[in-house]
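# Chain and residue survey
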Amino acid sequence: MLIKDIDRYILTRPDVRESLEYNVVRKNPLRVSSRIAFIYPSLYDVMLSSLAVDMIYFLVNEIEDVYLERFHVRSLKGYEKDPRSLETRSPLKDFDLYISSIHYEPDIVNLVNLLESGGIHPLRRERKKILILGGPGVMANPIPFEDIADVFVIGEIENTMKEIIELFLEYKDDKKRFLEKISDLSYVYVPEYTEGFVKRSYVKDLDESFYPIRQIENIEIEPVYGRGFKLEISRGCKHWCSFCFESRLFQPYRERSLQRLKEIVEKGSRYTLGGKRIIIYSLLMPASIDQIRFLEYLVENGYKASIPSLRINDLFLNTDFLDLVSLLGQRTIVTAPETFSLKIQKTYFKYIEPETHLLSKLMYIIDRGFDLKIYMIYGAKWEKMEDIKTSIDAIKKIARYSKERGRSLSVSLNPLMPRPKTLFQWIGMRELDQLKNILRIFREELGGIIDLRPLDLEWSLIQTSISLSPRPLGELIIEWSREGRGASSWIRILKRHNIDLRYVFEGYKYGDVLPWDRIIIGENVEEVAKKQYETLNMILSR
Ligand code: SF4
């Protein structure tokens, strides 16, 4: 039975002696039929920034007969000690069901560490209780995790979680029966039982779907993006940049209506410590006139906002969008040109315009008084020194321009990481030595001129080695967890077990069956990857 008014379960004033958290759901664990542990496999402040956590937490806790409590890791190294739930300080063993969401593949080691230290076996074959996994890190390719989790949810929280929990309540005393039953759901992958395809389930109309009006906050600890009400204005993306994993996972593009956004903001900001500050979540912005109307509404009503990474398009350039962003208190524009080389741009299917055009747009942002943060990708296998030099020269120009105008520039440098369901699954990642070499050149040329923020290459390799893996990695991940969870220990373990990393560096053979083919992630996703791969070959053969 669903409760009509969740308010009666929520403390609007935190009990400072027990917790510094705000908006926590309180239930009596003795009065529910099942206790669910939601294990966030990363640190507390990262968990606070996750809208998905609020979504799962409040959605599941709407079910009267269960109490979902949260766990997180205290450190990313070593061994977690005696994990306890945030709500009732209960040990992991006291729970009937475990749920976790993986956003970043290497976080699986934190989950395994937490399970082990809580006395729960990380391998499904050794465990009586059920572990359900979901999230972007497992949806496209659950295979690396399939000896750990019993159930994979290939879909969005709002239209999957309640159905799953209700099935659990019905069959919770019989694991085998539950797994058989749940494997009938089209969006669920049960390694033991699923035959055939699994089709991702997604919300058709965001306006009609659940939204967490209350969100957990902490009086002392700020989330990564600062305090404020987390607001997802749209989901998915209209574009198909060839390297982009997220756009595949969240297809198709959907927007919340202006009316619904206003309603959510008005209600949500009443329960937020950040008051009238809104943290906007969106993969694609600006994407419509309605989004601009929404920013106007925020300005007119005295809100401040944190704006996500932006796409430089006509709406960005030809409307009062930037004025609104400024009035909302944002001082830095984040955008991702990825590369300034026209040749590489054509293979990324993102911006396709000469370096001078792209530069003039970035200069325009600086002229409007903003600091600039740009994201760049390097390391496509066909990227030559001249392409890298084009990007470096362009960054130098923009650095000089911003310095002359007293604005700051920071550049995040990411190696190209091949992901399932993108054309790079057939291409693979460049060798680590080559990537290190390119990174060294960027550092030599740009270090000291700008704030350069390169992504760690070892962790990029780890992420790729998990995300593209054709085999279950549970046993290795347990070793990794026991050996301290560091980057070098994972690489040592791969060597110790003679894991052939050709799937990482060479990719899969085009036309062969892929390990994740049974997962249908979204409309057209597989077709787009094939078409882009064929187009890429044409471009490269010219
Ligand atoms: S990189 Fe950005 S614009 Fe391109 S597909 Fe991904 S989310 Fe969309």
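Here, every reference points to the structure presented above.
Presented here is an overview of the structure given in this document. The shown structure was predicted, so the numbers you read here are calculated from the model rather than taken from an experiment.

## Some words on the site of the ligand
Within the structure, the ligand sits among C237, H239, C241, F243, C244, S247, L283, R311 and K350. Residues belonging to the shell around the ligand are distributed by class as follows: 5 nonpolar, 2 polar and 2 charged.

## Considering the pairing of strand 2 (residues 34-40)
Within strand 2, 7 of the 7 residues are buried, leaving the element largely enclosed by the surrounding structure. Across the two faces of strand 2 the burial is the same, with S34, I36, F38 and Y40 and R35, A37 and I39 all buried. As paired elements, strand 2 and strand 3 (residues 66-72) share 7 bridges and run parallel to each other. Within the sheet, the bridge partner assigned to R35 lies in strand 3 and is Y67. Examined bridge by bridge, strand 2 and strand 4 (residues 97-101) share 4 bridges and lie parallel to one another. Paired with F38 across the bridge in strand 4 is I99.

## Quick word on the packing of helix 13 (residues 355-367) against helix 14 (residues 385-404)
At a minimum axis distance of 10 Å, the contact between helix 13 and helix 14 shows a crossing angle of 25°. By the angle between their directions, the pair helix 13 and helix 14 is classed as roughly parallel. Considering how the two elements wind past one another, helix 13 and helix 14 form a crossing that is right-handed. Contact residues: helix 13 offers E355, L359, L362, M363, I366 and D367, while helix 14 offers T390, A394, K397, I398, Y401 and S402. Looking at the contact of helix 13 with helix 14 residue by residue, the class counts come to 7 nonpolar, 2 polar and 3 charged.

## Notes on the sheet that holds strand 16 (residues 371-378)
What the 4 strands build is an open sheet, ordered 15-16-17-18; its pairing is parallel. With one partner strand each, in any of the chains shown, strand 15 (332-338) and strand 18 (451-454) form the two edges of the open sheet. Strand-to-strand twist of the sheet, defined as the mean angle between neighbouring strand axes without regard to direction, takes the value 20°. Sheet topology note: the strand 15/strand 16 ladder contains 5 bridges and is parallel. Across the sheet, the residue bridging to E338 is M376, located in strand 16. Across the sheet, helix 14 lies against strand 16 and strand 17 (409-415), angled at about 160° from strand 17, the strand it touches most.

So, how was this worked out
Residues numbered from 1 in each chain as written. Predicted model: local features only at pLDDT ≥ 70, side-chain atom pairs only at ≥ 80, totals over all residues. Heavy atoms only, no water. Near = heavy atom within 4 Å. Nonpolar A, V, L, I, M, F, W, Y, C, P; charged D, E, K, R; others polar. Buried < 20%, exposed > 50% of the residue type's maximum accessible area, 1.4 Å probe, protein only. Helix = DSSP H or I, 4+ residues; strand = E, 2+ residues; numbered from the N terminus. Pairing = 2+ DSSP bridges. Axes fitted to C-alpha atoms, helices over the stretch in contact; angles between N-to-C directions. Parallel < 35°, antiparallel > 145°, perpendicular 65-115°, else oblique. Left-handed = near helix turned anticlockwise from the far one by under 90°. Contact = heavy atoms within 4.5 Å.

That is the geometry; function is a separate question.
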